[in-house]
Amino acid sequence: MSTDQAVRPLPDLVSGDRGWPLLGRGLDYARDPVALMQHQWDTYGPVSPLPFLGKTYVMLLGPDAVGDALRNADKAFVNEPAWGAMVGPFFNRGLMLLDGSEHHGHRRIMQEAFTRDRLTRYAELMHPSIARGLARWPAQEGFACYPALKQLTLDVAADIFMGGAADTTPGEMDRVNRAFIACVQAAAGVVRADVPFTRWGRAYRGRRVLEDFLRHYLPAKRADPGDDLFSVLCHIEDADGDRFSDDDVVNHMIFLMMAAHDTSTITTSTMLQLLGQHPEWQERCREESMALGDAPGLAELEGLTSLDMVMKEALRLRAPVPAMARQTVKETVVQGVRLPAGTPLAVGVQFNHLMPELWSDPTRFDPERFGPERREDKSHRYAWAPFGGGVHKCIGLHFAGAEVKTILHHLLRTRRWHVDPSYVAPLDNHSLPYPKDGQPIDIAPL
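The rules behind these values
- The residue numbering used here restarts from 1 in each chain and proceeds along that chain's sequence as written.
- Given that the model is predicted, a residue must reach a pLDDT of at least 70 before its local features are reported, and side-chain atom pairs must reach 80 or more before they are shown or counted; all residues, however, enter totals for whole chains, interfaces and linings.
- Hydrogens and water molecules were not included; the side-chain quantities draw on all heavy atoms of the structure.
- We call Phe, Tyr and Trp rings a pair once their centres come within 6.5 Å, taking the six-membered ring for Trp, and we label the pair stacked below 30 degrees between planes, edge-to-face above 60, and tilted otherwise.
- The secondary structure listing takes helices from DSSP runs of H or I that are at least 4 residues long and strands from runs of E that are at least 2 residues long, numbered from the N terminus.
- For every residue, the accessible area obtained with a 1.4 Å probe (protein chains only) is divided by the maximum for its type, and the residue is called buried under 20%, exposed over 50%, and partly exposed between those limits.
- UniProt positions are given in the numbering used here, feature names are shortened, and annotations may be inferred rather than shown by experiment.
- A contact between two residues is defined here by any heavy atoms of the two lying within 4.5 Å.
- Here, nonpolar core refers to any group of buried Ala, Val, Leu, Ile, Met, Phe, Trp, Tyr and Cys residues whose side-chain atoms link them within 4.5 Å.

A.B. asks: Looking at this structure, I do not really get the packing of aromatic side chains. What am I missing?
C.D. replies: Aromatic ring pairs are described here by two measures, namely the spacing of the ring centres and the angle between the planes. A full pass over the atoms with the stated rule returns 15 aromatic pairs. On the basis of an interplanar angle of 70° and a centroid distance of 5.4 Å, the ring pair of Phe213 and Tyr217 is categorised as edge-to-face. Here Phe213 and its partner Tyr217 are both found in helix H9 (residues 199-223), four residues apart, which amounts to about one turn of the helix. Exposure class is identical for Phe213 and Tyr217. Each is buried. For the ring pair Trp281 and Phe365, a centre distance of 6.4 Å and an interplane angle of 75° mean the geometry is edge-to-face. Residue Trp281 is located in helix H12 (residues 279-290), and its partner Phe365 is located in the loop between helix H15 (349-352) and helix H16 (397-414); the two are separated by 84 residues in the primary sequence.

A.B. asks: Would you take a moment to explain the UniProt feature "binding site: heme" (unreviewed entry) in the protein for this structure?
C.D. replies: The UniProt feature table records "binding site: heme" (unreviewed entry) at Cys394. Following the sequence through the fold, Cys394 ends up in the loop between H15 and H16. The class for Cys394 is partly exposed, based on a relative accessible area of 33%. Discounting chain neighbours no more than four positions away, the residues touching Cys394 are Arg107 and Phe387.

A.B. asks: Explanation requested: the nonpolar core in the structure shown.
C.D. replies: If you look at the biggest cluster of nonpolar residues, it comprises 134 residues, and the most contacted ones within it are Phe91 and Leu233. With 15 residues, the top contributor of residues to this core is helix H11 (residues 246-277). In this structure, Leu233 is in contact with Met110, Ala113, Phe244, Val249, His252, Met253 and Leu256, ignoring residues within four places of it in sequence.

Put into structure tokens, the structure is as follows:
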């Protein structure tokens, strides 16, 4: 909360900024979120009104305003009412949709599933499923890498999260994948009820598929634990002996599997595009991977410094979650603007990643900006925040980094690929951004 300037009300909307009836500026966001954020910044500054899907949101832009919301020093901002209005019925009581002491308690238990030792084991378990999946990729010009990556990350989630349940079939996993897609795309739904042939109607059906799928395996995971995340969630407890109920386990599994395979797919596909357009960086990363074995451990993956810089640059240029939702639970002040209780917010982290005040030549692919000599990400604490911040910072960020690097490591050691330098991915921004054309690459054996 800013207190060093006069408090003023939220600016009035200028002519033309109300958008369409009911949709508001939703179509503008779907067309180009960054352009909309730039307009808001140029017109209103860091705190601006934004009509969106029947409500007037407040958009927060710039590192100071974004930091106010993510740091949440005066506990004025919460997650559940904001995300709940978009995807609440489908990711109900996932960690992102909990607040306050309840969130703290669940996160404290779940942290035991992401200790260094467990992450090391997960990294070991990833290699076989990733190698199998990538072996099926053809040598092909115009290969649609995005859907192939989405299937791969779902398979990895099935192995690492589910333990590769023996009686799952490809058809069943395809049904699970489609259910996750339906639940994620509910965020852009206009009709927010269980109505057939609508985004929310499909998402309600998807949620039922996911619940039935996980509850089928739950008794076996309780009875005979393994190394997979599902088993871990069934058995972990905090220092006080608190554990998750069956409902808790199912809710957290649905959210974690969505977060793990959707966001990792977006990041990996972005890296494939950028490395295909910048062969000098592809060779630089390949040289580091060739110095390791087929199945490097977690510490070795972390030592792939060039690949790490490319991953961070990909997350900067295309954040998997461009804007994060929050809502005020009491009156507060952000950068001198008074916000009443009950105000829904869009926290525009993607805009910060492209601000020339924070980054040199911000639209240029330049992984060295994350190198030790420059560290442009240190220009402000919230200059780079693809994983959020504060108590709700992504709990699986290190898992995601290991998964993305493992996929790229295997590709770099076995394939070479090219992407036209002029290619610009046509993104669908209705929910999480993904390339509508499948993101074609020309891929060949090494």
